[in-house]
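# Chain and residue survey
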Amino acid sequence: MSVVDYQVHEQIGIIWINNPPVNALSSELRNGIHQAVLNAQSDATKALLLICKGRTFIAGADISEFDKPATKPSFNDILGTIESSSKPVIAAIHGTALGGGLETALACHYRCAVGSAMVGLPEVKLGLLPGAGGTQRVPRLIGIEAAIKMITGGNPIPAAAALSAKLIDHVIDGDDLLQGALAYTEQLIADNAPLKRVRDITIDPSSIPAGTFDTIRAQFAVQARGLIAPQQIINCIEAAATLPFDEGLAAEQRFFHECMVSSQSAAMRHMFFAQREANKIKGLPKDTPQRPIKSVAIIGGGTMGGGIAMNFASIGIPVTLLEINPEALQRGLGIVEKNYSNSVKKGKLSDAKKQACMDLISGTTDYQDLAHVDLVIEAVFENLAIKQQVFSQLDKVCKPGAILATNTSYQNIDQIAAATQRPQDVIGLHFFSPANIMKLLEIVRADKTADDVIATAMQLAKTIGKVPVLARVCDGFIGNRMFSEYSREAQLCLIEGSTPEQIDTVMQDFGMAMGPIAVGDLAGIDIGYKVREVLSDEQKGNPASYCIADALVEMGRLGQKTGAGYYKYDAQTRARTNDPEVMALVESMAVAHNITRREFSDAELVLRLILPLINEGAKILEEGIAQRPGDIDVVYVFGYGFPVYRGGPMQYADELGLASVYEQLTRLHQETGEASWQPATLIKTLAETGSSFAQWANEQA
Ligand code: 3H9
């Protein structure tokens, strides 16, 4: 079968689309649809039905073709042909009609869908806007305000909501798409239904108060800071409201092109594919068997353990929470109950769903109660000996084949696995705090972890709505190993002349969800302090990189939890203010370490902070800790608040150009003599051959 087939059923011409996996509108598919609609104009059919095989209606333009030269006929030529068909064209929607898919449906005269279908325009999530008439047709159907909300949000809506919004015309009873769509089409023929063209709907410009679009643009400049696409979407919708349809389409084309060639969209498209690539495990066949996970136990009912438990209860998997004594257990269950209650208060969860989740979580203080669970996740204090004790206990009580996971963020999982007689069943599942919310799950394979355990963990992550990335064992794995270089550099910039406020503001302006100094206050400055307590001076490195943090901890300023750290915090509002006492400390520390403080430009700060991420990321690739550069980007965007529109540190490095990255690292290495600035061999090699991380990843695939 080709990507488009034509079949006549009584009075109806059925245009079958078959372009797995998601019927993306490749140029071949566009041509096929175009030809089928043109040919059908002269046959005896009375209406045309556009319907897809496989799991979904058209899920959008083929994103992988965006970097290739445009082909003819264009999207708008094809949609114009559909819209001007002499016989009604009906779109039959199942699965997800997204982006160019929904735009195709909107060019049809009628749209029907099964109840489970979703429709949406997610282009904004790729740094784009709907470029095939979506910004012109949607406001004509649902109004300006609703269109702005839908297109700038990018989230799909269910068929019922699409029906009430008038985006679709009919919801099919039951789930037989073909029969339902044929019946609907026959009814339209019987009724002699007119050719309804969305382009013919007019928007009365006088119904929109003067200045409306300027106000909305200003709102989005704050709400979607730094993003190009939302602003361009508003420009397009303004064009829909003020210009004739064809001029609006032309404006949309111009704005679409501006988005398409932007580095923001390149980065976001990179992230789309990187996230999907990260699911694939090199050397592991797709059909690797998986172990069934029908019950889970969590060791440790702290904030982390409680948050992890919620992930499973929320999807109906029973969880046993184990704590050391009844008091700790009650505290743990209390944390979970409070988190669920907060969701109820915010209207995100019903009382009934909260109760159903709580009913799935039971508590125990007895390891014997874990004898039958399929998966155990240990989330106790970060201490190797304690974790080894836990695993040796688990080894005694858990059934054969149970997966034994640790949530450690930096301990050696090979050593944890060695505390059991079944190292093949041991794996790292590194959740990020708050574990019920943060998307990233670092899955850490130890030396002896079995393939089916890895495959099970990767699938399980998706089942609980996480974004998995596979790593190998090293200190801090992918994310924290890189983050410690970034934090270290922030400390050095601070002592050398910057301020907490400058560092945080610059990094937030770069797009980070939070600056590194503020992150220290949020996480607790004592965490690093405790880690350093067991390190030798040599392991601790340059004292200038931790002396301020140590002094703050010794002053009792542990961060937000004590109301003061690098900043002071208001007890009620948690609003932060700069503290002259901290600046006095910074200055005295600079004197103590013979450092003459100087001014930093914002650009220099960004470079000083991002380069260590890139350099350490490259070392992680050389060592095979991460499978590919895109995986590192996924870790940083989903776990560390790196701006998605910069695509993660490795994509950002490619944008800077590896030759320039190498030159800067070499300069810093020569100037400071710090070993950490020694450029990674991979960067040197790629820079010398004019290559990039992306090209390298393709060669390695
Ligand atoms: C657009 O339409 C612009 C227009 O305005 C026109 C402008 C002129 N293209 O996600 P999955 C691949 S922009 C190419 O794992 P799921 C994906 O890479 C587009 N490939 O499945 C993966 O490949 P692999 C607007 C695509 O069931 C495989 O399909 N549309 C595309 O979890 C399975 O994907 C969107 O942004 C694509 N458009 O989710 C929708 N989509 O197996 C993007 C998917 O090799 N797509 N692939 O790893 C999605 O949101 C999800 O894929 C979907 C299915 C919900 C459809």
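Residues numbered from 1 in each chain as written. Predicted model: local features only at pLDDT ≥ 70, side-chain atom pairs only at ≥ 80, totals over all residues. Heavy atoms only, no water.

The next subject is the packing of aromatic side chains. In this description, an aromatic ring pair is defined by two values, namely the gap between the centres and the angle between the planes. This structure, assessed with the given rule, holds 9 aromatic pairs. Aromatic side chains F510 and F642 sit 5.7 Å apart centroid to centroid with 80° between the ring planes, which places their arrangement in the edge-to-face category. Here the residue F510 occupies a position in helix α19 (residues 500–510), and F642 occupies one in the loop between α26 (629–639) and α27 (649–656), the gap between them amounting to 132 residues. Owing to a relative accessible area of 4%, F510 belongs among the buried residues under this scheme. Take F642: its relative accessible area is 2%, and that puts it in the buried class. Put simply, the rings of F432, F483, Y486, Y636 and Y640 pair up and form one aromatic cluster. Residue placement shows R598 over the ring face of F600; its charged tip is 4.2 Å from the ring centre. (Phe/Tyr/Trp six-rings, centres within 6.5 Å; stacked < 30°, edge-to-face > 60°. Helix = DSSP H or I, 4+ residues; strand = E, 2+ residues; numbered from the N terminus. Buried < 20%, exposed > 50% of the residue type's maximum accessible area, 1.4 Å probe, protein only. Lys NZ or Arg CZ within 6 Å of the ring centre and 35° of its normal.)

Our next topic: the site of the ligand. The local shell around the ligand holds 26 residues, among which R55, G100, E103, E123 and R276 are the closest. Separating an oxygen atom of the ligand from a backbone N or O atom of G100 is a distance of 2.8 Å. Starting from 1000 Å² of accessible surface for the ligand in isolation, the protein chains cover 75%. The element that contributes the greatest number of residues to the shell around the ligand is helix α11 (residues 263–277), accounting for 3 residues. For the shell around the ligand, the class distribution of residues is 15 nonpolar, 5 polar and 6 charged. (Near = heavy atom within 4 Å. Polar contact = N/O pair within 3.5 Å; in protein donor to acceptor, adjacent residues only side chain to side chain. Areas by Shrake-Rupley, 256 points an atom, 1.4 Å probe, with all protein chains shown as cover. Nonpolar A, V, L, I, M, F, W, Y, C, P; charged D, E, K, R; others polar.)

So, on to the pattern of salt bridges. Applying the stated rule across the entire model yields 36 salt bridges. A salt bridge links D169 to R111, with the shortest nitrogen-to-oxygen separation between them at 3.9 Å. Separated by 58 residues along the polypeptide, D169 in the loop between α6 (159–164) and β9 (170–172) and R111 in strand β6 (residues 110–114) bring together distant segments of the chain. Relative accessible area serves as the criterion here: at 24%, D169 is assigned to the partly exposed category. Given a relative accessible area of 2%, R111 falls into the buried group. (Salt bridge = Lys/Arg side-chain N within 4 Å of Asp/Glu carboxyl O.)

Once that is clear, we can look at α27. Among the 8 residues that make up α27, 6 are buried, leaving the element largely enclosed by the rest of the structure. Every buried residue of α27 is listed here: P649, M650, Q651, Y652, A653 and D654. Note on α27: the residue one or two positions beyond its end, G657, has a positive phi of about 95°.

In terms of nonpolar packing, the biggest core is built from 100 residues, with L394, I478, I548 and F693 touching the most fellow members. Of all the elements, helix α25 (residues 602–622) adds the most residues to this core, at 10 residues. Not counting residues up to four positions away in its chain, the partners in contact with I478 are E442, V469, L470, A471, I620, I625, A626, I632 and V635. By size, the runner-up hydrophobic cluster in this structure holds 88 residues, among which are I33, I93, V119 and M260. (Core = buried A, V, L, I, M, F, W, Y, C linked by side-chain atoms within 4.5 Å. Contact = heavy atoms within 4.5 Å.)

Looking now at the sheet that holds strand β8 (residues 157–158). As summarised here, the arrangement of the 3 strands in space is β5-β7-β8, forming an open sheet in which the pairing is mixed. Taken across any chain shown, the strands that pair with only one partner, and hence form the sheet edges, are β5 (96–98) and β8. Bridge analysis of strand β7 (residues 118–120) against β8 gives 2 bridges, and the strand direction is antiparallel. In the sheet register, M118 faces β8, and the bridge partner there is P158. Its contacts with the sheet put helix α3 (residues 100–107) on β5 and β7, and the angle it makes with β5 is roughly 90°. (Pairing = 2+ DSSP bridges. Axes fitted to C-alpha atoms, helices over the stretch in contact; angles between N-to-C directions.)

As a further point, take the domain arrangement of the protein. You'll often see interface size given as the accessible area lost when the parts meet. Annotation of the protein at the domain level lists domain 1 (4–260), domain 2 (296–474), domain 3 (478–599) and domain 4 (601–701). Between the C-alpha centres of domain 1 and domain 2 the distance comes to 43 Å. (Domains from an automatic or database assignment.)

We now examine unusual backbone geometry. Most peptide bonds adopt trans geometry, and most residues besides glycine take a negative phi value. Here the amide bond leading from K72 into P73 is cis, since omega sits at -5°, within 30 degrees of zero. Inspection of the secondary structure puts P73 in the loop between β3 (47–52) and α2 (75–83). The phi dihedral of E10 falls on the positive side, at around 50°, and the residue is not glycine. Note on placement: E10 falls in the loop between β1 (4–9) and β2 (12–17). By relative accessible area, E10 is classed as exposed at 63%. Residue N594 is not a glycine yet carries a positive backbone phi of 60°. The residue N594 is located in the loop between α24 (580–592) and α25 in this model.

Looking at the secondary structure, you find S409 in the loop between β14 (403–406) and α16 (413–417). The residues touching S409, leaving out its near neighbours within four places in the chain, are E382, H430, G476, F477 and N480.

This part covers the sheet that holds β2. One open sheet holds the 6 strands; their spatial order is β1-β2-β3-β4-β6-β9, and the pairing between them is mixed. The sheet terminates laterally at β1 and β9, the two strands that pair on one side only. Ignoring strand direction, the axes of neighbouring strands in this sheet form an average angle of 25°. Summarising the sheet, β6 and β9 pair through 3 bridges and their orientation is parallel.

Before going further, it helps to examine the pairing of β1. In terms of strand pairing, β1 meets β2 through 6 bridges, oriented antiparallel. Counterpart to H9 in the pairing with β2 is I12. Between the end of β1 and the start of β2, which pair antiparallel, lie 2 residues, with E10 showing a positive phi angle near 50°.

A separate point is empty space enclosed by the protein. The gaps of empty space that remain are located by a probe, the size of a water molecule, rolled over the atoms. Evaluated as defined, the whole model comprises 1 cavity of 30 Å³ or more. In this structure, the largest cavity spans a volume of roughly 30 Å³. Lining the largest cavity, in full, are L25, R30, I33, F75, I78, L79 and T104. Within the residue set of the lining of the largest cavity, elements represented by two or more residues are α1 (27–40) and α2. Counting residues per element, the lining of the largest cavity draws most heavily on α2, which supplies 3 residues. Of the residues in the lining of the largest cavity, the class split is 5 nonpolar, 1 polar and 1 charged. (1 Å grid on protein atoms, 1.4 Å probe; cavity = no way out; pocket = protein on both sides within 12 Å on 5 of 7 lines; lining within 4 Å. Points joined across faces, edges and corners; volume = space filled by probe spheres on them.)

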